[in-house]
Amino acid sequence: MITPKYINITLALIASSAAAVGAFTTTRTSFSPTSICYPVLQLQPRASFVSTPLQLLKKDMAATEDQPLLKAVENPADIDNGKNDLIAPSIYAAYTAALIFIIYQLRDAIVTKTLGSTALAFVTGALIWDNLIISIGSFFFKDIDTNPQKYKILKWLSYPRFTFHAIGVPLQLITVAEMGKFAGVGFLQSDVVQIGIILASFALAIADRLKFARSPGIEQTIWDKPPFGALERDLVKFGYVEPDFAYVIPAIILALSNLIVGIVALKSGVDPEVGKWMAFAGLSALIGNALPGSLMTFTGNLGEAGMQFGLLEAARIVYGGL
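Residues numbered from 1 in each chain as written. Predicted model: local features only at pLDDT ≥ 70, side-chain atom pairs only at ≥ 80, totals over all residues. Heavy atoms only, no water.

1. Here we look at the overall build of the chain
- Helix and strand content of the chain: 11 helices and 2 strands.
- Put simply, the chain runs from its N terminus to its C terminus through helices and strands in the order α-α-α-α-α-α-α-α-β-β-α-α-α.
- Residues counted as buried form 39% of the 322 residues belonging to the chain.
- Put simply, 73% of the contacts in the chain that link residues at least 6 apart link residues at least 24 apart.
- Accessible surface computed for the chain: about 18,200 Å², of which carbon and sulfur atoms make up 70%. (Helix = DSSP H or I, 4+ residues; strand = E, 2+ residues; numbered from the N terminus. Buried < 20%, exposed > 50% of the residue type's maximum accessible area, 1.4 Å probe, protein only. Contact = heavy atoms within 4.5 Å. Areas by Shrake-Rupley, 256 points an atom, 1.4 Å probe, with all protein chains shown as cover.)

2. Thoughts on the packing of helix α6 (residues 115-140) against helix α7 (residues 148-182)
- Between α6 and α7, the shortest axis-to-axis distance is 7 Å and the interhelical angle comes to 155°. Overall, the two elements α6 and α7 adopt an arrangement that is roughly antiparallel. Along this stretch, α6 crosses α7, giving a crossing that reads as left-handed.
- The class makeup of the residues in the contact of α6 with α7 is 20 nonpolar, 8 polar and 4 charged. (Axes fitted to C-alpha atoms, helices over the stretch in contact; angles between N-to-C directions. Parallel < 35°, antiparallel > 145°, perpendicular 65-115°, else oblique. Left-handed = near helix turned anticlockwise from the far one by under 90°. Nonpolar A, V, L, I, M, F, W, Y, C, P; charged D, E, K, R; others polar.)

3. Considering the pattern of salt bridges
- Overall, the coordinates contain 8 salt bridges when judged by the stated rule.
- Two residues, K211 and D244, come together in a salt bridge whose shortest N-O distance is 3.0 Å. Pair noted here: K211 is in helix α8 (residues 191-213) and D244 is in the loop between β2 (238-240) and α9 (249-268), with a separation of 33 residues, a long-range link.
- Taking relative accessible area as the criterion, K211 reaches 30% and is therefore assigned partly exposed. (Salt bridge = Lys/Arg side-chain N within 4 Å of Asp/Glu carboxyl O.)

4. Things to note about the packing of aromatic side chains
- Under the criterion given, the structure shown has 12 aromatic pairs.
- Aromatic pair Y240 and Y247: ring centres 4.1 Å apart, planes at 10°, arrangement stacked. When sorted by exposure, Y240 lands in the same class as Y247, which is buried.
- A centroid spacing of 5.6 Å and a plane angle of 80° characterise the contact between W277 and F280, whose relative ring orientation is edge-to-face. On the criterion of helical spacing, the pair formed by W277 and F280 is a turn pair, its members being 3 residues apart in helix α10 (residues 272-290).
- An aromatic cluster of three or more residues is present, and its members are W156, Y159, F162, F212, Y240 and Y247.
- The aromatic ring of F162 is capped on one face by R161, whose charged end is 4.7 Å from the ring centroid. (Phe/Tyr/Trp six-rings, centres within 6.5 Å; stacked < 30°, edge-to-face > 60°. Lys NZ or Arg CZ within 6 Å of the ring centre and 35° of its normal.)

5. Here we look at the nonpolar core
- Counting residues in each nonpolar core, the largest one holds 35 residues, and the members touching the most others are L106, M179, V274 and M278.
- Counting residues per element, the ones that place at least two in this core are α5 (87-109), α6, α7, α9, α10 and α11 (296-318).
- Ranked by the residues each element gives to this core, the list is headed by α11, at 8 residues.
- Ignoring sequence-local partners within four residues, the contact set of M278 consists of V176, M179, G180, N258, L259, V261, G262 and A314.
- Counting 11 residues, the second-largest nonpolar core is a separate cluster that includes I144, V236, Y240 and Y247. (Core = buried A, V, L, I, M, F, W, Y, C linked by side-chain atoms within 4.5 Å.)

Here it is, written out as structure tokens:
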């Protein structure tokens, strides 16, 4: 049975224990008999400086409610470059229109259909798709970094950009070989050389696509390097996840081939008009892709359109029977 005597002893022990805790949790400068007598009062100010986990959680939740959600992809293209958003996609729309004009003219210019003339039409069509998708993406898919459905649609529309372009560019070497043969370029007169160029073109196209198949694919282009005022920041398009110089080698070979064969054709004197337009085609592609910085984003495609125009004028002579 618990008697009042034992209750008093127990209360005394509890009081002394609390006093001891107050003494050890109080700083040396504030230690005094008063703090031992009133340990609870001494501890209360210290508690006001320490936030419990529940208090911290409430603060975090309150702060989060005041902040907008972050985008899934932080796109530097969202930074205003101070230019009208319609300028950049309109440039690509103009390229698309020019290439449509070229392929329309090719339809009437090509009377004699060969592997080379077919490759010329195919590459022109591939460039139409390339410029069209960049233009459409920049006009109507500005919000793909927050809209997964639009992101998926534009990504799938972009795959043919890379595939058609990569396959067509090497095959257009066949066009260059046929035009050079017509213009009297000596080493292109051999059927063996012509067949060798055909085989090499197909091999180059296949090797390029095999390399791409082993790569991580394509992703949205993030404009994190150009100046804030660069016009290309208004473009919404996809690019290689892992850009590789090997992807541009066929385009360089094609541009140089046009230029070299064109110059040789000019000197041969058989049909200098063909040589002139081939040289123009090669120079257009090389200059357009050689300009520095963000200019090349626009001049590169302009150079390709110039190349196709030069080859169109040569095709009027070579495949048109003029």
